[in-house]
Every structure is written in C-alpha cells, then in structure tokens.
Amino acid sequence: MIDLAGLNPQQREAVTTTEGPVLILAGAGTGKTRVITHRIAWLIAKGVPPGHILAVTFTNKAAREMLERVNQMVPRRRRRAGQAAPERPTICTFHSLCVRILRRHIHRLGYKPNFVIYDESEQLGVIKRLLSRLANPKDRPDPGAVLASLSRLRNAAGSRAAAEPDPLALRLLEEYRRALRACNAVDFDDLILLTLELFEKHPDALEECRRRHRYVMVDEYQDTNAAQFRLVHALTAEHRNLCVVGDDDQSIYGWRGAEIANLLDLEKYYPGLKVIKLEQNYRSTNRILKAANALIRNNPRRRPKNLWSAHGEGEPILLHVFDDEAQEAQAVVEHIETNRRIRRIPWSEQAVLFRTNIQSRPLEAALRKARVRYHLVGGQSFFDRREIRDLLAYLKLLLNPDDDISLLRIANVPARGLSDRTMERLLAASQERGQSVYQTMRSPVVQTEFPRRTGGAITRFVDLVERTRAELEALRAEPGGRKLSDWVLGFLQRIGYLEDLRRLEKDPEVAENRHRALVETIRSMDPLEREPAEPAPARLQRFLEEVSLDSDRDEDDRPRDAVTLITIHSCKGLEFGHVWIVGLEEGLLPHTRSKMEGSLDEERRLFYVAITRARKTLHLSWCRARRKYGQLQASHPSCFLKELPEDLVEPAEKQPPRLVEAGNAKALLAAFRQELNLPEET
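A few points on the structure. Just so you know, these numbers come straight off a predicted model, no measurement behind them.

## A short note on the pattern of salt bridges
- Taken as a whole, this structure holds 47 salt bridges when the rule is applied.
- The salt bridge involving D223 is made with K572; its shortest N-O contact spans 3.0 Å. With D223 in the loop between β6 (215-218) and α10 (226-236) and K572 in the loop between β14 (563-567) and β15 (576-581), this pair connects stretches of sequence that are 349 residues apart. Residue D223 shares its accessibility class with K572, and that shared class is buried.
- Across the pair K268 and D265 runs a salt bridge, and its minimum N-O distance is 3.9 Å.
- Connected through shared salt-bridge partners, K32, D219, E220, D223 and K572 make up one network.

## Remarks on the packing of helix α13 (residues 286-296) against helix α27 (residues 600-611)
- Put simply, α13 and α27 touch, their axes get as near as 9 Å, and they point 175 degrees apart. Comparing their axes, α27 and α13 come out roughly antiparallel. Facing α13, whose interface residues are I288, A292, L295 and I296, α27 presents R604, R605, F607, Y608 and I611.

## Observations regarding helix α8 (residues 188-201)
- An ideal rise of 1.5 Å per residue puts 20 Å on 14 residues; α8 measures up with 20 Å between its terminal C-alpha atoms.
- Within α8, ten of the 14 residues are buried, which leaves the element mostly enclosed by the surrounding structure.
- Among all positions of α8, only D189, D190, L191, I192, L193, L194, T195, L196, L198 and F199 are buried.
- Where α8 starts, the residue carrying a side-chain oxygen 3.1 Å from the main-chain nitrogen of D189 turns out to be D187.

## Regarding the side chain of H202
- For H202, the position within the fold is in the loop between α8 and α9 (203-212).
- Exposure remark for H202: the relative accessible area of 19% places this residue in the buried category.
- Excluding anything up to four places from it in sequence, H202 contacts R108 and L109.

## A look at the environment of C623
- Position of C623 among the secondary structure elements: in strand β16 (residues 614-623).
- Looking at C623, the relative accessible area reads 0%, which means it is buried.
- C623 sits 301 residues away from F322 along the chain, and the two C-alpha atoms are 4.7 Å apart.
- Leaving out residues up to four positions away in the same chain, C623 has contacts with F322, D323, D324, E325, E328, E585 and S635.

## A word on the sheet that holds strand β2 (residues 53-57)
- One open sheet accounts for six strands, arranged β3-β2-β6-β7-β1-β8; its pairing is parallel. Each edge of the sheet is formed by a strand with only one pairing partner; in this case those strands are β3 (90-93) and β8 (274-278). In this sheet, neighbouring strand axes are inclined to one another by 15 degrees on average, regardless of whether the strands run parallel or antiparallel.
- The strands touched by helix α2 (residues 32-46) within the sheet are β1 (22-26), β2, β3, β6, β7 (242-246) and β8, with β6 carrying the most contacts at an inclination of about 175 degrees.
- Strands β2 and β3 of the sheet are contacted by helix α3 (residues 60-73), whose axis makes an angle of about 165 degrees with β3.

## Observations concerning empty space enclosed by the protein
- Summed over all chains, the structure comprises six cavities of 30 Å³ or more.
- Roughly 100 Å³ of internal volume is contained in the largest cavity.
- Lining the largest cavity, in full, are E325, T356, I358, Q359, R361, P362, R516, E520, L588, R626 and R627.
- Put simply, the parts of the chain that give the lining of the largest cavity at least two residues each are α15 (360-369), α24 (508-523) and β17 (625-628).
- Grouping the amino acids of the lining of the largest cavity by side-chain chemistry returns three nonpolar, two polar and six charged.
- Within this model, the second largest cavity holds a volume of roughly 50 Å³.
- Lining the second largest cavity are H335, I336, N339, Q350, A351, V352, H578, V579, W580, T617 and H619.
- Of all the elements in the fold, those that place two or more residues in the lining of the second largest cavity are α14 (325-341), β12 (350-354), β15 and β16.

## Some remarks on the sheet that holds β15
- Read from one edge to the other, the open sheet built from seven strands follows the order β13-β14-β12-β15-β16-β11-β19, with strand pairing classed as parallel. Sheet topology places β13 (374-377) and β19 (649-651) at the edges, where each strand pairs with a single neighbour. Direction aside, neighbouring strands of the sheet carry axes that sit 25 degrees apart on average.
- For β12 and β15, the ladder comprises four bridges, and the chain directions are parallel. Among the inter-strand pairings, V352 is bridged to a residue of β15, identified as W580.
- Helix-sheet contacts for α13 involve β11 (317-322) and β16, and the interaxial angle to β16 is about 50 degrees.
- Strands β11, β12, β14, β15 and β16 of the sheet are contacted by α14, whose axis makes an angle of about 160 degrees with β12.

## A look at the side chain of E387
- Position of E387 relative to the elements: it lies in helix α16 (residues 386-399).
- Owing to a relative accessible area of 2%, E387 belongs among the buried residues under this scheme.
- At 2.5 Å, the side chain of E387 forms a polar contact with the side chain of R514.

## Things to note about the environment of V352
- Note that V352 resides in strand β12.
- Other than its neighbours up to four places away in sequence, V352 contacts V332, I336, L363, V563, T564, L565, I566, W580 and V582.

## Overview of the packing of aromatic side chains
- Summed over the entire model, instances satisfying the criterion amount to five aromatic pairs.
- Judged by centre distance (6.3 Å) and plane angle (20 degrees), the rings of F607 and F640 are stacked. Here F607, found in helix α27, pairs with F640, found in the loop between β18 (631-634) and β19; they are 33 residues apart in sequence, far enough to count as distant.
- Here F640 falls in the buried class, since its relative accessible area comes to 0%.
- Aromatic rings pair up to connect Y394, W487 and F491 into one cluster.
- Positioned over the ring face of F450 is R425, at 4.2 Å from the centre of the ring.

## Description of the pairing of β13
- Residues Y374 and L376 line one face of β13 and the alternating positions H375 and V377 line the opposite face, and both faces are buried.
- Across four bridges, the pairing between β13 and β14 is parallel. Residue L376 lies in a different strand from β14, and its bridge partner there is L565.

## Notes on the nonpolar core
- With 45 residues, the main nonpolar core has L407, M441, F461, L484, V488, L492 and L518 as its most contacted residues.
- Considering every element that reaches this core, the biggest residue donor is α16, with eight residues.
- When sequence neighbours within four positions are dropped, the list of residues in contact with L407 reads L397, P401, M423, V437, Y438, M441 and F461.

## Examining α10
- Here α10 lies mainly inside the structure; nine of its eleven residues are buried.
- Of all the positions in α10, only A226, A227, Q228, F229, L231, V232, A234, L235 and T236 are classed as buried.
- For α10, the N-terminal capping position is held by N225, with its side-chain oxygen 3.1 Å away from the main-chain nitrogen of A227.

Rules of the game
- Here the residue numbers are simple positions, counted from 1 along each chain's written sequence.
- Two thresholds apply to this predicted model, a pLDDT of at least 70 for residue-level local features and 80 or more for giving and counting side-chain atom pairs, whereas whole-chain, interface and lining totals are computed over all residues.
- With hydrogens and water set aside, each side-chain value is computed from the structure's full complement of heavy atoms.
- The term salt bridge refers to a pairing of a side-chain nitrogen on Lys or Arg with a carboxyl oxygen on Asp or Glu at a separation within 4 Å.
- Numbering of helices and strands runs from the N terminus, with a helix taken as a DSSP run of H or I at least four residues long and a strand as a DSSP run of E at least two residues long.
- Each residue is assigned to one of three classes by its accessible area relative to the maximum for its type, calculated with a 1.4 Å probe on protein chains only: buried under 20%, partly exposed between the two thresholds, exposed over 50%.
- Orientation is described by axes fitted as lines to C-alpha atoms, over the contacting stretch for helices, and by angles from 0 to 180 degrees between their N-to-C directions.
- Orientation labels follow simple angle bins: below 35 degrees gives roughly parallel, above 145 gives roughly antiparallel, 65 to 115 gives roughly perpendicular, and whatever is left gives oblique.
- Contacts are residue-level and defined by heavy atoms, with any inter-residue pair within 4.5 Å sufficient.
- Here the expected span of a helix is defined as 1.5 Å times the quantity of residues minus one.
- Polar contact is the term for a pair of N or O atoms within 3.5 Å; when the atoms are in protein, one must be able to donate a hydrogen and the other to accept it, and sequence-neighboring residues count only if both atoms are side-chain atoms.
- Here, any two strands with at least 2 DSSP bridges between them count as paired.
- Points on a 1 Å grid, built from protein atoms alone, make a cavity when a 1.4 Å probe fits but cannot get out and make a pocket when they are open with protein on both sides within 12 Å along at least 5 of 7 lines; residues with an atom within 4 Å of a point are the lining residues.
- Grid points are joined across faces, edges and corners, and a volume is the space filled by probe spheres set on the points.
- Residue type decides the class: Asp, Glu, Lys and Arg count as charged, Ala, Val, Leu, Ile, Met, Phe, Trp, Tyr, Cys and Pro as nonpolar, and the leftover types, Gly among them, as polar.
- Note on aromatic pairs: the rings of Phe, Tyr and Trp (six-membered ring only in Trp) are paired at centre separations within 6.5 Å, and the planes decide the class, stacked below 30 degrees, edge-to-face beyond 60, tilted for the rest.
- The criterion for a charge sitting over a ring is simple: Lys NZ or Arg CZ within 6 Å of the ring centre, and within 35 degrees of the ring normal.
- In plain words, nonpolar cores are sets of buried Ala, Val, Leu, Ile, Met, Phe, Trp, Tyr and Cys residues tied together by side-chain atoms within 4.5 Å.

Structure representation (structure tokens):
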C-alpha cells in the first residue's frame, strides 16, 4: 500500500475516504496537491483500474505537477508483448478533457472531427468582422469587451449571472456561433458547452464517459462556473464518487463567472456529502494566520475553518502609513534592499502585492531607479501598455524622426489617413532608397506616387512632426522654463490622442484607468528636484533614458533572482518569504465598484488570499493621499484594516529597535563590512 506516514490525520482521512461524495475543504497552504496525488495513488493501490480515475484542474501546469507526482508514487507497469499499453489515470484541465471527448463524438453534432480551436486573437478577429457591420462606426464597442460579455453569457446559462445579459452580446451570440461553425472551429467556451450539448442529445456518449470515469476529483472547485458544474454533475450524478477540493475563502474570480455557490451548496446536489477540513498550514507563521482567520470571519456566508501552524508565532505584522504612493514605493524598495544587503534575503524571496495594475507604476519606477531586478506578474508591465508605448513612440520620434519603429507605431494613431497599406509602401520605398521612412515621406517625388488624398495625409504628418519639433526646441528659450509635462499633454490634446483613447474604450472605468495612467506618466517628467531651466529636449531625453534603464539587461523573461510585483488576483497558489501588501485604501481594496455591485465579501477574500501568501514577514501599507490625473487626492485606510486584531498588527513607526541575537551578530557585522568594502578582521 501507499505510505501515508508523512500525512497529518486530516490529510490521511481525505486520502482514504474514497467512496461517495467528499468535499476536502483545504485552507491556504494546507497541502492539497499532496492530498490529491496521494488519493490517486491510494485508489490504484486499492485495485481501482487507473483508467477509471479522473482528476480535473484549471491549469496545465497544475495538471503536469500532479501527473509527475503520481508517476513517482505509482511507477508505470511494463507493457507486455501483444498487449495494449497499461492505462494511466486521466489528469488534465476541463478543456483538455472536453477535447478528448469531442474528438470521439463531435461528428454527432454536425462538426468534422478535425475541428480547430480558436485562440483569443482569432476570436477577436471574428468579433471585429461582426462589429464592422454596425451602421455607425462610432457605436462600435471594444471587441475585447464584447468577447468577454459573450463568454459570461454562454457560461452562465442556468445561473444567477444569466439574469441580466448584455444586450449586444445577446444580439451577436448566434452570429458568432454561425461564424465559427462555418470554419469548423470552436473556442474554449465551446469545448465545455458542446460537450454538454453532446451529453444532452446523445445519452450513450454520456454513459460511455461515466463508465470510464468512475472516480472523479476536481481541484480548485471554488473557481468552477455554471457550465463546469453541469459537466461535473453529469459525469458523477449516478456513481456519486466525486471528490472536490477547494476553499470558499479563496473564491476571488466571481467577476469572470466563478460560482462560489457550487461549493457552498454542494449538499443540495450530493446528499450525504462528507466534509473533511484541512486546517494545518505548512506555509505561514501563526501571527499571519491569526490575522487571516480574524479577517475572513467577517464574511457571513462561508464554511468555517481555522488555520494554524507549527511554525511558531513569528514576527509582528507591521502597518506603514505614507504621505503618497511615491513615498510608499521608495520605502518598499529601501526595505527590499536592506533585506538583501544586510539580512541576506534574495530578491526572489520578496514580493509586493497590489489590487490594480495601475499601482505598479510608482513601484516599477522606484525599482528601476534603484537598479533592483523585478518581475511583473498578473498584467502587462506599466511601460508595455498600449497608451504608454504610444506616448514613448511619439517622444522618441520628436527627438529622432529617423526612428522607423516609433514612426510606424504612431503614424496613424489617432487615425489620419495613413493606412497599413500606405505605410507598407512607404517602408518598401525607404528600403529601396536606403533612407528612413520619415525622410522618404518628406520627398515630393514619393508623395506624388500616392493618390491625392493619401499624399495630402503624408504631407500633413510631416508638417506635424516638423512643427512640433520646432515647438520642443523653443521651450528652452522660455523664461523660467515651461513644464515639459504641460507641453506634452497639450500636444496630445491637439492631435486628438486623448479623445481617441477614451473613445476606443467602451467601458468608462477602463477608459479612465488608461487616461489616468497616461497623465501620471507624463506628470512624472517634472519631479521637483529637476532644474526647470534645463532644455526641454535634454529633459525629454533623460526621461526616456530612465524609462529604459533596464532594457539592455541580458535576462530571461522570468529572472531567477528578482522581486515579484503581482496583482492579488494573480497570486493565488504562490507563496513568498517576505510580503508587502500596498495601497490598502478605500477605493482600491475594497475597490470602489464592490460596494455598488455587492461584492464586498469577495474583496475581503482577496485580502485574505494576499495575507496568506506570506511565510515569514508581512508588511501592510496605505497612503494619506494618492495621485489621480497628476493631482494628490486624499485617501482613507481600508475598512478591512479595522478587522485585523490590534495585538497582531503594530504601527511601523512605533516598533522598538530589534536587538541582534548573539548568534547573528557576527554574520550581520560581516555583511556590513562587505557592503562597505572593508577588509576582513584578522
């Protein structure tokens, strides 16, 4: 049999309870992956044919990890001559499972077995074609937003989320389906929805799957949506050998269709459900866990659990208060560097968590300035966003019109009659002439080779660049030195970029975030310590150099030793030795819209997830004011901070100096001497 000596009593119970419906309520850091893999191995050891075992999760990475662990615990049997290969358990994602089913049966739904699966970019291409038929181009919404609405509508069938569907999504739904079907294509939502349709129309296909998958396990069950629940229920309703692993306290994806009720109401669909709680945490100190427990108890509808650890009480949780986000970012970076240089804590053991992507800007700027290597997870780098890239391209072009890459990016942004086809011809002409695209555009001979309307658009663009460069040069002569940021904002306003940025975003909140990010970046050109009399081109060049500080480093996309910057939505499943959670303010966490949408409980779960990422130390911070559109606006501490017990959280400014233990004194002294390049003592 499988050795279970390394499991605690609750884990052993979860592994050995194999018949009937089981809910393993696995709190953060309680070893759920270990339980799932041991349970699969236990079933095989009991005599269950491996091919009858199905384990479903949400990511390919998690599935691969589980499969590797199972293979280590249950070695593959050798294939005998003339016999089929021994079956293995099926460990995969929901989508992979459905692909396997549809490859065998999709012809029964009118598709060819060689169907293709459209990714997001291909889906967006279909949506754009459908939207192009709308009469008024100005009424066309963002294709990405339409695609998201379609996905929510299709997956929410039969759930509360389907009560208020988006009108445009309803209107386009059938057209979208027909467009994909005409190409014998399916998207990721179709994989599950078509499998459900197959089961409804062809019960024999469902029965075949039920006979094969007699023991079903589902990981991260709190993240399932309505369609995924229907799929799981269809497979297990008869034999009822369903084991789900999840934690309602970590349900943070309601905005993309996850139904926490799938976990909370499981007894309604599986009477006699056995609930096993995993509460021993193997990650964090008890002080961190007590804070998390106290916070989440304020959610009224949850399955109670109380996390604890054998790692001792640990260090105090420190609460920092800063004047603004720049001071906050500077303090975080100084603390990270102190940890690395003095306490020998590598960058990779340190993480900064935040609610929204836009909060990364001051943190990235401070890290770049201090030459601290970092890796941004859970969203684009601030400096990789479309509006920021457009801004940088314009600024580079004004300093160097022969920068072809920057010119090609913004030549028709906003639209000014320079189509992709026109720019392709100009690029080809520039290569024939051995000169930059801009110099080619200035040529009267080249301009005459285009239709009159296009030639006029080329001339106007050249005039715009020449005129604007002259304005930039003239800034150096103005008495007192005009703010460069004011000039840049005025330029973007004149060319219609700011209006275009707002117009292209149907979602007002997304439009506001994009606009605010752009304005804040522009305002950062004029820090107080800079000489305003410095020539404008020199100031602009310095700004661009600072933005590109680390662009020449020869690093992997995910450097081994780097500070992690991560949105809280992206950090579930991860852990770090030392964690900062920044921006704990009303309007950020909890987010402004949570009170309007009634999702305050999910915001609290989000904070709970953030807290439980920390293993050893946890720092919390909020700012008295935060910049919006370049102006400081008063902020207030998050209401969640009041829910943390006072005996667990200490104000950072009141913390007494830490005494150095005798055993650590020699190592710390050596670290100081190394930092100061002092010779070793003899």
